[in-house]
Amino acid sequence: MTKHIIGLTGGIATGKTTVTNYLASAYNLPILDADIYARDAVALGSPILGAIAQRYGEQILLADGSLNRQKLGEVIFNCQDERNWIDDLIHPYVRDRFLTAIAQSSSQTLVLVVPLLFEAGMTDLVTEIWVVHCSQEQQLQRLIQRNHLNREQAEARINSQLSIEEKVAHADVVLDNSSTLELLLKQVDVVLKTRNVD
């Protein structure tokens, strides 16, 4: 039987984590998270971290030799070429981890949380695409509050991704997170009632 693989995506700070946590806690669905794999990719001593340090110098590292994420963010959110270079290093690693985890899982339904599902060309890994969205102003305010950014920094992060409108246009399921938490989770319940989730 073919696995049912939900690709959960959306813009930054639109509510993906909220939906992910609900799918895990209320439905016991296995979650595979691209962000966790991406962190593993640049772990202390990894070849990818070595390549990053070689390109940007020691100032890209913290005192303990681990990646200075804030510094790297300043680089990649202000220069598309550098962002592409980093993505070309990390995305193949993340894809390999996904493929291994999918093959090893005995569950018929899996959730792949991939913020850059479209940008990273990983739509072929999933059987269905869910997009969480809200208004751009809500997204901006949530991001500013969550990451303690100024408006300009927040806009740079949002603009570095494919527009939410384009993601919604390619979605099988659209979850609207512009209202209350209760309404968001109710949408998830309605969708899963139509699916055979096990």
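Just so we're clear, the structure is a prediction, and the values are computed from it rather than from any experiment.

Caption draft 1: Inspection of helix α9 (residues 181–193) at higher detail. The end-to-end C-alpha separation of α9 is 19 Å, in line with the 18 Å expected for 13 residues at 1.5 Å each. Within the span of α9, buried status applies to L184, L185, V188, V191 and L192. Each buried residue of α9 sits inside an arc of 115 degrees when the element is viewed along its axis, so together they form one side. Of the residues in α9, the exposed ones pointing more than 90 degrees away from the buried face are E182, V190 and K193. Packing partners of the buried residues in α9 comprise α1 (16–27), β4 (128–133) and β5 (173–176).

Caption draft 2: Region of the structure containing the packing of aromatic side chains. Inspection of every chain in the model, using the stated rule, returns three aromatic pairs. Both rings, one in Y22 and one in Y27, keep their centres 5.9 Å apart while their planes meet at 85 degrees; by these two values the pair is edge-to-face. The ring of W85 carries the charged tip of R55 above its face, separated from the ring centre by 4.3 Å.

Caption draft 3: Layout of the sheet that holds β4. The five strands lie next to each other as β2-β3-β1-β4-β5, forming an open sheet whose pairing is parallel. What marks the edges here is a single partner per strand, and that holds for β2 (31–33) and β5. Between one strand and the next, the sheet's axes are offset by a mean angle of 25 degrees, whatever the strand orientation. Here β2 runs beside strand β3 (residues 109–113); their pairing, made up of three bridges, is parallel. Paired with I31 across the bridge in β3 is V111. Against the sheet, α9 makes contact with β4 and β5, and its axis sits at roughly 160 degrees relative to β5, the strand it touches most.

Caption draft 4: Summary view of the packing of helix α2 (residues 34–41) against helix α5 (residues 80–104). One way to put it is that α2 packs onto α5 with a least axis distance of 9 Å and a crossing angle of 120 degrees. Taken together, the axis directions place α2 and α5 in an arrangement best described as oblique. Where α2 crosses over α5, the handedness of that crossing is right-handed. Where α2 abuts α5, its residues A34, Y37, A38, D40 and A41 lie against I90, Y93, V94, R97, F98 and A101. Among the residues making up the contact of α2 with α5, the classes are represented as nine nonpolar, no polar and two charged.

So, how was this worked out
Residues numbered from 1 in each chain as written. Predicted model: local features only at pLDDT ≥ 70, side-chain atom pairs only at ≥ 80, totals over all residues. Heavy atoms only, no water. Helix = DSSP H or I, 4+ residues; strand = E, 2+ residues; numbered from the N terminus. Expected span 1.5 Å × (residues − 1). Buried < 20%, exposed > 50% of the residue type's maximum accessible area, 1.4 Å probe, protein only. Arc of directions from axis to C-beta. Contact = heavy atoms within 4.5 Å. Phe/Tyr/Trp six-rings, centres within 6.5 Å; stacked < 30°, edge-to-face > 60°. Lys NZ or Arg CZ within 6 Å of the ring centre and 35° of its normal. Pairing = 2+ DSSP bridges. Axes fitted to C-alpha atoms, helices over the stretch in contact; angles between N-to-C directions. Parallel < 35°, antiparallel > 145°, perpendicular 65-115°, else oblique. Left-handed = near helix turned anticlockwise from the far one by under 90°. Nonpolar A, V, L, I, M, F, W, Y, C, P; charged D, E, K, R; others polar.

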